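# Topology and contacts: notes
Next come the chains, spelled out residue by residue.
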Amino acid sequence: MEDKTFETPPSPSNLITSLCSIGYDLNSAVADILDNSIAAGAKNIYVDFALHESKEVFLKIEDDGCGMKRLELLRAMRFGSFDPRQTRKISDLGQFGLGLKTASLSQSDRLVVRSKSDQEASCFEWNLDLVRKKDRWELIEHSNCLPEMRFRSEEQSLKSGTLVYWPEVKALRGKDKESFNASFMSLRRHLRLIFHRFLEDGDTNIWFQGQRLESLNPFNPDSMALIRRSPKIAWPPMPEQPKVTAETFLLSPEMLKVDSSLTEEEIYNMQGVYIYRSKRLISYGGWLGLKNMPKSKETSLIRAKIDFTGEVDGGWRLDIRKKNAIPPIEVKKWIEPYLRAAREEAEELYDISRSVSGKTSGIWLKQRGKAESLDFSQPFLIIFMELCSKGVSKEVTEGFLDLIARCSPSNLKRARKELSENELLALHSAVGEIKKEERFQEEAVNILKLPPFNLYPYEVKQILKEIEK
C-alpha cells in the first residue's frame, strides 16, 4: 500500500495572528519598514505620526525609492514573498519576505501600502479583522487613492516612491502625553543609532516629524571621547574580500560624560559587540555570550564593531525582527581572543582613567566669585616648576603650558583632542620624573590618576612601557 499525501493548509485567521505576534516592538517594527526603503534606493525617508479626530495615533512612512508597479506590490504584500535561501543583493536588508507585513500588523490591525513606479500607482491593504472574519487570505485593492495615501510630493513631480500607512498604532493607543513623548523619543533615538552609517555616509536622509535626523554613532570616531581605535582585522584572513571584519574602540569615561548626553547606566549598557549587516546595525551590547565575559564597569568603555554582508547570511542566525544576530561558531572562535585582549586593555586602563572626586579639573581651582587659578600643590605643576628651574627645552615648556591650558574648566570639553608633539614630550617628561624620583615612588599610581594624566590613559600606558624597557 502506497503512502498518501494530504494538503493541510493552515487557517489564515490563526496563522496571520501568530505571525503578527512574534515579538516586534514599535522601534524594531518601524526600523524594519525603513529597511525596505533603503533597499529601494530611497534618498529621503519621511516618518510622521499624527492624531485622527478619533484620538487614534496613525503613522506614515514615505520614501522616494524606486517604487513598485502593481504586480510587484501585490507580490510584496504576500506573506513569504521571498525565499530566504536565495542570495540577495548586498544592499538588500531583508531576508524572509515577511518584514513589511509582520512588522506592520504587529503594530496596527490595518496595513495600507501605496507605491508608484514609472507614473503607475497602485494601493493594497491587509485588514486583520477581514482575514479573521472570513478566514481567507483576502487582500483589499483600492481602486481610488485614499485621501490619507497621497504622497507628500505632487503626483507630477514624484516619479516613484512608496508610502506605508498604519491607521491605528496599537502601542500608542490611550497613552498620556508623557508616555507618548517617551515612546516618540525612544523611536527617534533608535533610528539614529540603527541607521547611523547610512546617515553619516549620505546614502539616505531620514526625516522624523519634519526634522532631519543626525546619526548616533556608538563609537564616537570623531569625538574627543575616543582614546584608541584598533586596526581592522578580517576573517578569513587570507581572501582579498573577507566575509567578516572587526575593530575595537576604547573610549575615555571622563570625556564621554563631557561629550555626550548619555547617563552612566546607558554608557554601561552600550558596552560590547555591535553587529552590522550591510551597514545596518542588527544587534548591540553584551559580549556574544562568551564564557567569563560579563558586562562590567571596567569594560564599559570598550566597544567592538563586527561587519558582515547579506552574501554570507547562511552561517549567521538572524531573527525575523532583525534584533538578533548570532555568528557562526568559527567566527566566534576567531573573534574571541581579539575581544578578550580589548577587554584586558580596558581593565588595565580603568584605574588610571578615574578622575579624583571633588576636583573640577585637578590642577585648576575654581571658587565661586573668583577667577580660575592654578593649584600649585598638584604633582604635575610641582614637576613643571622643578624642570623649569633645571632648564628644559622650549618645546617641552610649551608642551607643559599647553597641557595646563587644556585642563582648565573652560577647555575641558576639548581636552581629549589629539596631543601635539610638544605635549607628548611634556607628558613623557612628567611621567619620567614620577617614575624616577624616589619621593614619588609610593604615590606614583595615585598621581597618575590625577589630571592631566587621567585624561590620556592610553598615552600614559605607552610611555610607561617605553620607560620600563
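Residues numbered from 1 in each chain as written. Predicted model: local features only at pLDDT ≥ 70, side-chain atom pairs only at ≥ 80, totals over all residues. Heavy atoms only, no water.

## Some details on the overall build of the protein
Of regular secondary structure, the protein possesses 15 helices and 18 strands. Counting every position in the protein, which comprises 469 residues, the buried fraction comes to 50%. Considering only contacts within the protein whose residues lie at least 6 apart along the sequence, 67% involve residues at least 24 apart. By element, 49% of the accessible surface of the protein is carried by carbon and sulfur atoms, the whole surface being about 24,300 Å². (Helix = DSSP H or I, 4+ residues; strand = E, 2+ residues; numbered from the N terminus. Buried < 20%, exposed > 50% of the residue type's maximum accessible area, 1.4 Å probe, protein only. Contact = heavy atoms within 4.5 Å. Areas by Shrake-Rupley, 256 points an atom, 1.4 Å probe, with all protein chains shown as cover.)

## A short note on helix H1 (residues 12-19)
All of the buried residues along H1 are Pro12, Ser13, Ile16 and Leu19. Projected onto a plane normal to the axis of H1, the buried residues spread over an arc of 135° and lie on a single side. Considering only its buried residues, H1 is in contact with helix H4 (99-107) and helix H5 (128-134). (Arc of directions from axis to C-beta.)

## A short note on the pairing of strand E11 (residues 244-251)
Looking down a regular strand, the side chains alternate between one sheet face and the other. Here E11 lies mainly inside the structure; eight of its eight residues are buried. The alternating pattern of E11 places Val244, Ala246, Thr248 and Leu250 and Thr245, Glu247, Phe249 and Leu251 on opposite faces, both of which are buried. Summarising the sheet, strand E9 (residues 226-229) and E11 pair through three bridges and their orientation is antiparallel. Counterpart to Arg228 in the pairing with E11 is Leu250. Summarising the sheet, strand E10 (residues 233-235) and E11 pair through three bridges and their orientation is antiparallel. Of the residues in E11, the one forming a bridge with Trp235 is Val244. (Pairing = 2+ DSSP bridges.)

## What about the pattern of salt bridges?
Side-chain pairs of opposite charge can arise where the charged atoms are in close proximity. Counted according to the given criterion, the structure contains 20 salt bridges. Ionic pairing is found between Glu336 and Arg340, a salt bridge with its closest N-O pair at 2.8 Å. Taken as a pair, Glu336 and Arg340 lie in helix H10 (residues 329-353) at a separation of four residues, close to a single helical turn. The exposure class of Glu336 is partly exposed, given its relative accessible area of 24%. Several salt bridges converge on common partners, so that one network encompasses Glu56, Glu168 and Arg173. (Salt bridge = Lys/Arg side-chain N within 4 Å of Asp/Glu carboxyl O.)

## Quick word on the side chain of His142
Summarising the element assignment, His142 is placed in the loop between strand E5 (140-141) and strand E6 (161-166). Here the side chain of His142 touches Glu125 through a polar contact of 2.7 Å, side chain to side chain. For His142, the contacting residues outside a window of four places in its chain are Val112, Cys123 and Glu125. (Polar contact = N/O pair within 3.5 Å; in protein donor to acceptor, adjacent residues only side chain to side chain.)

## Re helix H6 (residues 177-194)
In this model, H6 (18 residues) spans 26 Å end to end at C-alpha, consistent with the 26 Å of a helix rising 1.5 Å per residue. Along H6, the residues classified as buried are Ser183, Phe184, Leu187, His190, Leu191, Arg192, Leu193 and Ile194. In this structure, the buried residues of H6 make contact with helix H2 (26-39), strand E1 (44-51), helix H7 (196-201), strand E7 (205-208) and strand E13 (280-284). (Expected span 1.5 Å × (residues − 1).)

## Some remarks on the confidence of the model for the protein
For the protein, mean pLDDT is 82; residues scoring 70 or higher make up 84% of the total. Per-residue pLDDT, averaged within each element of the protein, yields its smallest value for helix H8 (residues 253-259) (58) and its largest for E7 (97). Within the model, the stretch residues 90-94 combines pLDDT values under 50 with 17 contacts to residues more than four positions away or in other chains. (pLDDT = per-residue confidence, 0-100.)

## A short note on the packing of H2 against H4
Orientation of H2 relative to H4, taken along the N-to-C sense of each, is 150°, at an axis distance of 9 Å. Crossing angle aside, the handedness with which H2 passes H4 is left-handed. Here Leu26, Ala29, Asp32, Ile33 and Asn36 of H2 come into contact with H4, specifically with Gly99, Leu100, Ala103, Ser104, Ser106 and Gln107. The residue inventory of the contact of H2 with H4, partitioned by class, reads five nonpolar, five polar and one charged. (Axes fitted to C-alpha atoms, helices over the stretch in contact; angles between N-to-C directions. Left-handed = near helix turned anticlockwise from the far one by under 90°. Nonpolar A, V, L, I, M, F, W, Y, C, P; charged D, E, K, R; others polar.)

## Quick notes on unusual backbone geometry
With an omega of -15°, the peptide bond between Trp235 and Pro236 qualifies as cis. We note that Lys279 has phi near 80°; this positive angle belongs to a residue other than glycine. Relative to the elements of secondary structure, Lys279 occurs in the loop between strand E12 (272-277) and E13. Overall, the relative accessible area of 21% leaves Lys279 in the partly exposed class.

## Description of the packing of helix H13 (residues 421-436) against helix H15 (residues 457-468)
Taken N-terminus to C-terminus, the directions of H13 and H15 make an angle of 55°; their axes are 10 Å apart at the nearest point. Relative to H15, the element H13 is oriented oblique. Both H13 and H15 take part in a crossing whose hand is right-handed. Along its contact with H13, which presents Leu424, Leu427, His428, Val431, Gly432 and Lys435, the element H15 presents Glu459, Val460, Ile463, Leu464, Glu466 and Ile467. (Parallel < 35°, antiparallel > 145°, perpendicular 65-115°, else oblique.)

## As for the packing of aromatic side chains
Scanning all chains against the criterion turns up 18 aromatic pairs. Between Phe195 and Phe198, the aromatic rings sit 6.2 Å apart at their centres with planes inclined by 55°, giving tilted as the arrangement. When its relative accessible area of 0% is taken as the criterion, Phe195 is described as buried. Taking relative accessible area as the criterion, Phe198 reaches 6% and is therefore assigned buried. With a centroid separation of 5.0 Å and 25° between ring planes, the pair formed by Phe384 and Phe400 is classed as stacked. Here Phe400 lies in helix H12 (residues 394-406) and Phe384 lies in helix H11 (residues 379-390), a separation of 16 residues in the sequence. Overall, Phe384 belongs to the buried group, its relative accessible area being 9%. Taken together, the ring pairs connect Phe219, Phe249, Tyr274, Tyr276 and Tyr284 into an aromatic cluster. Positioned over the ring face of Tyr276 is Arg197, at 4.6 Å from the centre of the ring. Geometry around Trp287 places Arg343 over its ring, the cationic atom sitting 4.9 Å from the centre. (Phe/Tyr/Trp six-rings, centres within 6.5 Å; stacked < 30°, edge-to-face > 60°. Lys NZ or Arg CZ within 6 Å of the ring centre and 35° of its normal.)

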